[in-house]
Amino acid sequence: MLFILLNLVLRNAFRHKLRTLLTLVGLMVAVLSFGLLSTVVDAWYAGAEGASNARLVTRNSISLVFPLPLTYKQKIRQIDGVKAITTANWFGGIYKEPKNFFPQFAVDPNYLELYPEYLLSDDERTAFARDRKGAIVGRKLAAQYGFKVGDVVQLKGTIFPGTWEFVIRGIYTGRDAKTDVAQMLFHWDYLNEVAKVRYPRRQNQVGVYVVTIDDPGRAAELSRLIDAEFRNSAAETLTETEKAFQLSFVSMTEAIVVAIRIVSYVVIAIILAVMANTMAMTVRERTSEYATLKALGFGPGFVRGLIFGESVAIAAIGGGLGIALTFPAAAAFAQAMGTLFPIFFVSATTVLLQAACALGVGLIAAWFPSRRAARIPIVEGLRSVA
């Protein structure tokens, strides 16, 4: 019986092939667009989502533009509850052309110990540690620019002018999909040594301190203790969790994120209107058929079930195609964007939202037409002409 009903629903759904095909294409494009836009939003927040709750970031309280003295490192390490500390400097170099943008950080040798999600072989770790000009790059970055271990890479400094030469000593991968594998890391000591010669006033300065703590529950308390240590100094600090630090960058573009979210739901609303129109036309054309079914003894519930089944079937097929195409489309988009979105993948949540939107469109589009078909009197329905 169930098979017969499913067969009847599918036959009805494809009775008007062109109209159904156009509706399917519209649904597919809408669900695909919704998935891509949602993935873009996820990518915007990816850095914050992948942040550890056991890491704090200490920066200059005025702005990231202003550095902190190297002498702060020992003072922070002595605070009870601090497990380890490392430094990181934004470099901002240009690789060949200005369009070749990717993050570059000058870091301490122990930086990788604080970021166990960056996976590197023991040999590569050793080679990186021994070479003052050594650098490691993420897998995505290496794939985009063709970097290989042993390659010599030259960057043109912007914050630190001049031509800088590095040797790729390792290519790291991520522990999971949320790990940023589009960065370049090199030795802060190398940067500082050159700064002593070229820019004496900028020596022994760091961009941020990254601090790991024993108890993530004490993050707020330790943040206050660190900032209190340098209150009323020449360079006061602002300490926050790594997630809050990452979200501070996202907040600068919050309006863009909100706009993308609105557009994604507007797309679904538009296809809902199209789908509702399709079902209204379908029910109007078959009013006499539904009246005949009721005359034969089938109740209003059966008629409504047929209409809902047809609408959901179209939505399921269109939504399924849209979801299936989201993955290759997202991969192509990530390839085209390069390192602009270091973490870009279609999450399970996005797929569930796509499926929910498709199902919702199918159910809502069938609601009013099915209600009308179920309520129309048999005599009036039999007199109906499409």
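1. Here we look at the packing of aromatic side chains
Tallied over the full model, the rule gives 23 aromatic pairs. A ring pair is formed by Phe91 and Trp164, whose centres lie 5.3 Å apart and whose planes are at 85°; its orientation type is edge-to-face. Highlighted residues: Phe91 in the loop between strand 3 (82-90) and strand 4 (104-107) and Trp164 in strand 8 (residues 162-174), separated in sequence by 73 residues. Neither Phe91 nor Trp164 differs from the other in exposure class; each is buried. Each residue in the set Phe91, Phe160, Trp164, Phe166, Phe186, Tyr190 and Tyr199 is aromatic and connected to the rest through ring pairs, giving one cluster. We note Arg198 situated over the ring of Trp164; from NZ or CZ to the ring centre the distance is 5.0 Å. Stacked on the ring of Trp367, the Lys or Arg Arg304 has its end atom at 4.9 Å from the ring centre.

2. Points about the nonpolar core
Counting residues in hydrophobic clusters, the biggest one holds 40 residues, and the most contacted among them are Ile76 and Trp164. Per element, the largest residue contribution to this core is five residues, and it comes from helix 7 (residues 188-198). Filtering out sequence-adjacent residues up to four positions away, Trp164 remains in contact with Phe91, Val153, Gln154, Leu155, Gly157, Tyr190, Leu191, Val194, Arg198 and Tyr199.

3. Concerning helix 8 (residues 219-229)
Taken together, the buried positions of helix 8 are Ala219, Leu222, Ser223, Ile226 and Asp227. Viewed along the axis of helix 8, the buried residues span an arc of 135°, placing them on a single side of the element. In the core, the buried residues of helix 8 are packed alongside strand 1 (55-60), helix 3 (72-77), strand 11 (208-213) and strand 12 (237-241).

4. With respect to the packing of helix 11 (residues 287-295) against helix 13 (residues 348-375)
It is the contact of helix 11 with helix 13, at a shortest axis distance of 9 Å, that shows an interaxial angle of 50°. Relative to helix 13, helix 11 is oriented oblique. The handedness of the crossing between helix 11 and helix 13 comes out as right-handed. Counted together, Thr287, Tyr290 and Lys294 of helix 11 and Arg372, Ala373, Ala374 and Arg375 of helix 13 form the full contact between these two elements.

5. As for the confidence of the model for the chain
Overall, the prediction assigns the chain a mean pLDDT of 87, with 95% of residues at 70 or greater. Here helix 1 (residues 2-13) stands out as the least confident element of the chain, with mean pLDDT 67; strand 9 (residues 184-187) is the most confident, with 96.

6. Some remarks on the environment of Gly320
By the secondary structure assignment, Gly320 is in helix 12 (residues 300-337). In this structure Gly320 comes out as partly exposed when scored by relative accessible area, which is 34%. In this structure, the C-alpha to C-alpha distance between Gly320 and Ala358, residues 38 residues apart in sequence, is 8.4 Å.

7. Looking at the pattern of salt bridges
A full pass over the atoms with the stated rule returns nine salt bridges. A salt bridge links Glu221 to Arg218, with the nearest nitrogen and oxygen atoms 3.1 Å apart. We classify Arg218 as partly exposed; its relative accessible area is 23%. Within the structure, one salt-bridge network assembled from shared partners comprises Arg55, Glu117 and Glu242.

8. Quick look at the side chain of Arg59
If you trace the backbone, Arg59 turns up in strand 1. You can call Arg59 buried: its relative accessible area is 14%.

9. Structural notes on unusual backbone geometry
A positive phi is found at Lys96, a non-glycine position, where the angle reads about 65°. Structurally, Lys96 can be placed in the loop between strand 3 and strand 4. Residue classification places Lys96 among the exposed positions, given a relative accessible area of 67%. In the Ramachandran plot, Asn204 falls in the positive-phi region, its phi being about 55° despite a non-glycine side chain. Positionally, Asn204 belongs in the loop between helix 7 and strand 10 (205-206). With a relative accessible area of 32%, Asn204 lands in the partly exposed category.

10. Considering helix 11
What helix 11 keeps buried is the set Thr287, Tyr290, Ala291 and Lys294. Taken down its axis, helix 11 places every buried residue within 100° of arc, on the same side. Phi turns positive, to about 115°, at Gly297, one or two residues after helix 11.

11. Observations regarding empty space enclosed by the protein
Considering all chains together, one arrives at one cavity of 30 Å³ or more under this definition. Put simply, the largest cavity is a space of about 40 Å³. Lining the largest cavity, in full, are Asn12, Ala13, His16, Arg19, Thr20, Thr278, Thr282, Arg286, Glu310 and Ile314. Only helix 1, helix 2 (17-49), helix 10 (254-285) and helix 12 provide two or more residues apiece to the lining of the largest cavity.

12. Quick look at the pairing of strand 4
Sheet faces and side chains relate simply in a regular strand, where the side chains alternate between the two faces. Residues of strand 4 alternate between two faces, with Gln104 and Ala106 on one and Phe105 and Val107 on the opposite face, all of them buried. Alignment of strand 3 against strand 4, held across three bridges, turns out to be antiparallel. Within strand 4, the position partnered with Trp90 by the bridge is Phe105. Relative to strand 9, strand 4 is paired through four bridges, and the arrangement is parallel. Of the residues in strand 9, the one forming a bridge with Ala106 is Phe186.

13. Quick word on the environment of Asn192
Inspection of the secondary structure puts Asn192 in helix 7. A C-alpha to C-alpha distance of 8.0 Å links Asn192 and Gln205, two positions 13 residues apart in sequence. The contact partners of Asn192, leaving out residues within four places of it in the chain, are Gln203, Asn204 and Gln205.

Calculation rules
Residues numbered from 1 in each chain as written. Predicted model: local features only at pLDDT ≥ 70, side-chain atom pairs only at ≥ 80, totals over all residues. Heavy atoms only, no water. Phe/Tyr/Trp six-rings, centres within 6.5 Å; stacked < 30°, edge-to-face > 60°. Helix = DSSP H or I, 4+ residues; strand = E, 2+ residues; numbered from the N terminus. Buried < 20%, exposed > 50% of the residue type's maximum accessible area, 1.4 Å probe, protein only. Lys NZ or Arg CZ within 6 Å of the ring centre and 35° of its normal. Core = buried A, V, L, I, M, F, W, Y, C linked by side-chain atoms within 4.5 Å. Contact = heavy atoms within 4.5 Å. Arc of directions from axis to C-beta. Axes fitted to C-alpha atoms, helices over the stretch in contact; angles between N-to-C directions. Parallel < 35°, antiparallel > 145°, perpendicular 65-115°, else oblique. Left-handed = near helix turned anticlockwise from the far one by under 90°. pLDDT = per-residue confidence, 0-100. Salt bridge = Lys/Arg side-chain N within 4 Å of Asp/Glu carboxyl O. 1 Å grid on protein atoms, 1.4 Å probe; cavity = no way out; pocket = protein on both sides within 12 Å on 5 of 7 lines; lining within 4 Å. Points joined across faces, edges and corners; volume = space filled by probe spheres on them. Pairing = 2+ DSSP bridges.

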